[in-house]
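# Chains, contacts and geometry: an overview
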Amino acid sequence: MSLTSSERPYVARADTVKAETRDPAERSRRGDRSGALRAAVFGVNDGLVSNTALVMGFAGSGVPGTAVLFAGVAGLLAGAFSMAAGEYISMRSQREAYEREIAVAADRLRADPGARQAELAQVYRDKGLDADDARHVATTIMRDHDTALNTMVREELGLDPDELGSPWSAAFSSLASFAIGALTAVLPFLFLSGTAALLLAVALAGSALFAVGGAIGLLNGRPPLRSGARQLFVGALAAAAVFGIGHVVGARAG
């Protein structure tokens, strides 16, 4: 749709108001609509905590290092594919819900374009335009059906039709990040055995827990040292509990 020179200032002004009134946090959320960052952060965290606890449990039971390694690899694979499947279903369902909202908006636009134009004009009035400017912008936008629908979806639903999220991207990100986190506690048992492997696994897992917690803190605008320490404490508590349970079970079985 082409605009005349007299119409462009109104659209430019509306865009400026839109940019100024949108919250920075909202822009960040919209930029991560794919869910890949969220899936990656939680994937690393879940893989690290769950597989570290699993490895510690087997190590505490006193089984050979090969058994600990096998359990760790099995936990890595099972967890990674489970996380990927769950993330795919979740993102697929979310995308379908968004697509349904857009379809409903398209039906409403076709059924009563006049009412939708009035709604759009009100949106721009709420953003700071006066009544005449808002009405002029809405009238200009409504001249093209696709442009009108795209604008309605963005302004009224808060969605970006071009960024509804990729289920496959989220699933792969979740799988890869969980595997990376889960691999941390397994690595020492690939090259070492006995106490040396266990101590190195504890050191690597502890460092990774602190680093992941600090990263999550930075993303959330929290002090990274405090977030890292909290993550380390919680993860260590879980690993210690499972290690103790494994030790008791191993002692009784032996």
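Placed above this text is the structure.
In this text, all values refer to a predicted model and were calculated from it rather than measured experimentally. (Residues numbered from 1 in each chain as written. Predicted model: local features only at pLDDT ≥ 70, side-chain atom pairs only at ≥ 80, totals over all residues. Heavy atoms only, no water.)

## Some words on the nonpolar core
Among soluble globular proteins, nonpolar side chains are generally buried collectively. One finds Leu109, Tyr124, Ile141 and Leu149 to be the most contacted residues of the largest nonpolar core, which totals 20 residues. Elements supplying a minimum of two residues to this core: α4 (65–111), α5 (113–126), α6 (131–141) and α7 (145–157). Among the elements that make up this core, the one with the highest residue count is α4 (five residues). Counting 11 residues, the second largest nonpolar core, distinct from the first, contains Met56, Ala197, Leu198 and Ala239. (Core = buried A, V, L, I, M, F, W, Y, C linked by side-chain atoms within 4.5 Å. Buried < 20%, exposed > 50% of the residue type's maximum accessible area, 1.4 Å probe, protein only. Helix = DSSP H or I, 4+ residues; strand = E, 2+ residues; numbered from the N terminus.)

## Some thoughts on the environment of valine 212
Along the chain, valine 212 turns up in helix α10 (residues 194–219). Looking at valine 212, the relative accessible area reads 13%, which means it is buried. In the structure, valine 212 is positioned 164 residues away from leucine 48 in sequence and 9.2 Å away in space, judged by C-alpha atoms.

## A closer look at the packing of aromatic side chains
For the coordinates displayed, the defined rule picks out one aromatic pair. With a centroid separation of 4.9 Å and 50° between ring planes, the pair formed by tyrosine 88 and tryptophan 168 is classed as tilted. Of the two residues, tyrosine 88 is situated in helix α4 and tryptophan 168 in helix α8 (residues 167–183); the sequence distance between them amounts to 80 residues. For tryptophan 168, a relative accessible area of 63% translates into the label exposed. (Phe/Tyr/Trp six-rings, centres within 6.5 Å; stacked < 30°, edge-to-face > 60°.)

## Remarks on the packing of α10 against helix α11 (residues 224–253)
The N-to-C vectors of α10 and α11 enclose an angle of 140°; their axes lie 7 Å apart at closest approach. If you check the angle between α10 and α11, you find them oblique. Between α10 and α11 lies a crossing of right-handed hand. Facing α10, whose interface residues are Leu198, Gly206, Leu209, Phe210, Val212, Gly213, Gly214, Gly217 and Leu218, α11 presents Pro224, Leu225, Ser227, Gly228, Ala229, Gln231, Leu232, Gly235, Ala236 and Phe243. (Axes fitted to C-alpha atoms, helices over the stretch in contact; angles between N-to-C directions. Parallel < 35°, antiparallel > 145°, perpendicular 65-115°, else oblique. Left-handed = near helix turned anticlockwise from the far one by under 90°. Contact = heavy atoms within 4.5 Å.)

## Quick notes on the environment of leucine 69
Looking at the secondary structure, you find leucine 69 in helix α4. Expressed as a C-alpha distance, the spacing of leucine 69 and phenylalanine 189, which sit 120 residues apart in the sequence, is 5.7 Å. Ignoring any residue separated from it by four or fewer positions in sequence, one finds leucine 69 in contact with Val186, Phe189 and Leu190.

## Overview of the pattern of salt bridges
Counting across every chain of the model gives six salt bridges. Linking arginine 110 and aspartate 107 is a salt bridge whose minimum nitrogen-to-oxygen distance equals 2.5 Å. Of the two residues, arginine 110 and aspartate 107 are both situated in helix α4; the distance of three residues between them amounts to about one turn of the helix. One network of salt bridges, in which partners are shared, links Arg108, Arg116 and Glu119. (Salt bridge = Lys/Arg side-chain N within 4 Å of Asp/Glu carboxyl O.)

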